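Next come the chains, spelled out residue by residue.
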Amino acid sequence: MTAEAVVLSKATNKPVKVIWSREDDVKHGAYRPLTAQRMDAAIAADGKLTAWSHRLVADSVLVRARKVVWDKSPGLDGSVAVGMVQPYGIANKHHEYVHQLGGVPVGYWNAVGNGFTIFAVESFMDEVAAKMKKDPLQLRIELMTDPRGKIVLEQLRKVSAWDRPREGRALGVAYNHGGAWNCQIGEVVEVSVDRASGAIKVHKVWAVADPGTAIQPKHLRQQLETGIIWGMSAGLREQIVIKGGEVQHSNFYDYPVPRMDEVPEIEIHIVEGAQGQVSGAGQIGVRDGPGVRAHAQAREHPLAECGQGRAGVLAAQDAGGAEHDHGAVLHAEFQRRGAGQQPRWRRQWPWCRARRPRWQLRVRQPTTPTTQCDSGCRAAGFRRGTRRQP
């Protein structure tokens, strides 16, 4: 759009304002990157979560939008990988971002990478909790190493009446530390599923946020509410299908978003846990949305019905041949399309085998892994790498 305005302005030697129609915007805009995410966790024989691995394969927004920044830090797009690292107390962690050119123009999405990384992290945490036979919210509280995060989760448990049984409905939970934005948030949603049609209804959302000092509390509440609705729309409705290189959607009639009567009751609680500190809270409501709704849907429909991933047990032998139980190793490959590229089945069930898309993004080892990494990257356990097209 900007380039068009520049070209026309030069040609006419006059100021030019370009306005795209909604059809132009839907068909020719920049989409959120398609991602493939693989997660592994190890549970020791004593029942403790001892290891966590997260591998993200995605295109880079920086390559297209801020090439100068990418050139200074080749191999790692922080705007895409953000959200992978959360303050859960797990002894062994590994996080890896692998850049792959996807051929589709990508751009910044609301909440940037948190929209899909938190979806994977928090959904997988629920799988781990199910394998450990623990309450998913209690597991998060036990693992939380950030004092502010623990207060957020404990407050969330209280305001949502998490422990109260609900007939015909299920609760889901998700958390995000906020990273450099310094604003922590936890969300709980209450959903029900029509087992005949598969339709998912979100009845209520509770959100607890700790922005440090809330300078404008009313504005913060508004941002949280709009972000929650955005996340709900992304998780349940929005998708872009590309066939033959052409986007198949053009307007709201074939790119649906939630209607007013579908918006749930939203209850916001603000905890000012770091007085004197300020944070970026403009997009925090979006971050937990897809993951928390997926969790609630999975609790409404047990894993046996709609598997959230794959689970198995890893057994290894030492040099002497003795077999050791290294705990249950869980694998979850979250393969979904972004705000512009969600598979059709995503609107009905999360990760249902019966509705798995026909395409699959194959994950390989990076062809040219590099060791250059700044201190923050090393602390997070990131490994940079690039790879060829599959």
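A brief structural summary. (Residues numbered from 1 in each chain as written. Predicted model: local features only at pLDDT ≥ 70, side-chain atom pairs only at ≥ 80, totals over all residues. Heavy atoms only, no water.)

What follows is about the environment of tryptophan 162. You can see tryptophan 162 is positioned in the loop between helix H8 (147-159) and strand E4 (170-176). According to the relative accessible area criterion, tryptophan 162 is buried, its value standing at 5%. With 26 residues separating them in the primary sequence, tryptophan 162 and valine 188 have C-alpha atoms 8.4 Å apart. (Helix = DSSP H or I, 4+ residues; strand = E, 2+ residues; numbered from the N terminus. Buried < 20%, exposed > 50% of the residue type's maximum accessible area, 1.4 Å probe, protein only.)

Time to look at the nonpolar core. Of all hydrophobic cores here, the largest spans 31 residues; its most connected members are Leu49, Trp52, Tyr88, Val128, Leu139 and Val188. Listing elements by their share of this core, those giving two or more residues are strand E1 (35-43), strand E2 (49-58), helix H6 (114-132), helix H7 (136-143), H8, E4 and strand E6 (200-210). The biggest single contributor to this core is H6, with seven residues. Within the second largest apolar cluster, 19 residues are counted, among which are Cys183, Val189, Leu236 and Ile268. (Core = buried A, V, L, I, M, F, W, Y, C linked by side-chain atoms within 4.5 Å.)

It is worth spelling out unusual backbone geometry at this point. A positive phi is found at valine 112, a non-glycine position, where the angle reads about 40°. Mapped onto the secondary structure, valine 112 falls in the loop between strand E3 (92-99) and H6. At lysine 133, a residue that is not glycine, the phi angle is positive and equals roughly 60°. With respect to the helices, strands and loops of the structure, lysine 133 is situated in the loop between H6 and H7.

Counting buried residues in strand E5 (residues 184-193) gives ten out of ten residues, a clear majority hidden from the surface. Of the two faces of E5, both are covered, the one formed by Gln184, Gly186, Val188, Glu190 and Ser192 as well as the one formed by Ile185, Glu187, Val189, Val191 and Val193. One ladder, built from seven bridges, connects E4 with E5; its direction is antiparallel. Note that in E5 the partner of valine 173 across the bridge is valine 188. By the bridge criterion, ten bridges tie E5 to E6 in an arrangement that is antiparallel. What sits directly across from isoleucine 185, in E6, is alanine 209. Hairpin connection between E5 and E6: a loop of six residues separates the two successive antiparallel strands, and glycine 198 in this loop has a positive phi of roughly 80°. (Pairing = 2+ DSSP bridges.)

This next bit is on H7. Burial analysis of H7 places six of its eight residues in the buried class, the great majority of the element. Where H7 is concerned, the buried positions are Pro136, Leu137, Leu139, Arg140, Ile141 and Leu143. Two or three places before leucine 137, at the start of H7, stands the capping residue aspartate 135, its side-chain oxygen 3.1 Å from that residue's backbone nitrogen. (Polar contact = N/O pair within 3.5 Å; in protein donor to acceptor, adjacent residues only side chain to side chain.)

The next point concerns the sheet that holds E4. The mixed open sheet is built from four strands, whose spatial order is E4-E5-E6-E9. The two strands at the open ends of the sheet, each matched to only one other strand, are E4 and strand E9 (265-270). This sheet shows a mean twist of 15° between the axes of neighbouring strands, independent of strand direction. Each of E4, E5, E6 and E9 is contacted by H8, which is oriented at about 140° to E6, the strand it contacts most. (Axes fitted to C-alpha atoms, helices over the stretch in contact; angles between N-to-C directions. Contact = heavy atoms within 4.5 Å.)

Attention now goes to the packing of aromatic side chains. Evaluation of the coordinates by the stated rule reveals three aromatic pairs. Here arginine 32 stacks its cationic end above the ring of tryptophan 109, 4.7 Å away from the centre of that ring. (Phe/Tyr/Trp six-rings, centres within 6.5 Å; stacked < 30°, edge-to-face > 60°. Lys NZ or Arg CZ within 6 Å of the ring centre and 35° of its normal.)

Turning our attention to the packing of H7 against H8. In the contact formed by H7 and H8, the axes pass within 9 Å of each other and the chain directions differ by 155°. As the angle between them shows, H7 and H8 are arranged roughly antiparallel. Like other packed secondary-structure pairs, H7 and H8 cross with a definite hand, here left-handed. Judged by residue contacts, Leu137, Gln138, Arg140 and Ile141 of H7 engage Lys150, Leu153, Glu154 and Arg157 from H8. Of the residues assigned to the contact of H7 with H8, the class counts are three nonpolar, one polar and four charged. (Parallel < 35°, antiparallel > 145°, perpendicular 65-115°, else oblique. Left-handed = near helix turned anticlockwise from the far one by under 90°. Nonpolar A, V, L, I, M, F, W, Y, C, P; charged D, E, K, R; others polar.)

Interaxial distance between H6 and H7 falls to 9 Å at its minimum, and their mutual angle equals 105°. Taken together, the axis directions place H6 and H7 in an arrangement best described as roughly perpendicular. Here Glu122, Met125, Asp126, Val128, Ala129 and Met132 of H6 lie close against H7, whose contacting residues are Pro136, Leu139, Arg140 and Leu143. Here the residues of the contact of H6 with H7 are counted per class, giving seven nonpolar, no polar and three charged.

Another aspect to go through is a negative patch on the surface. A grouping of Glu4, Glu23, Asp24 and Asp25 is seen on the molecular surface, where their side chains present a negatively charged patch. Considering each element in turn, the negative patch owes the most residues, three residues, to helix H2 (residues 22-28). Within the secondary structure, glutamate 23 is located in helix H2. (Patch = residues over 30% accessible without salt bridge, like charges linked within 9 Å, V, L, I, M, F, W, Y side chains within 5 Å. Areas by Shrake-Rupley, 256 points an atom, 1.4 Å probe, with all protein chains shown as cover. Salt bridge = Lys/Arg side-chain N within 4 Å of Asp/Glu carboxyl O. Lys, Arg positive; Asp, Glu negative; His and termini not counted. Charge placed at Lys NZ, Arg CZ, Asp CG, Glu CD.)

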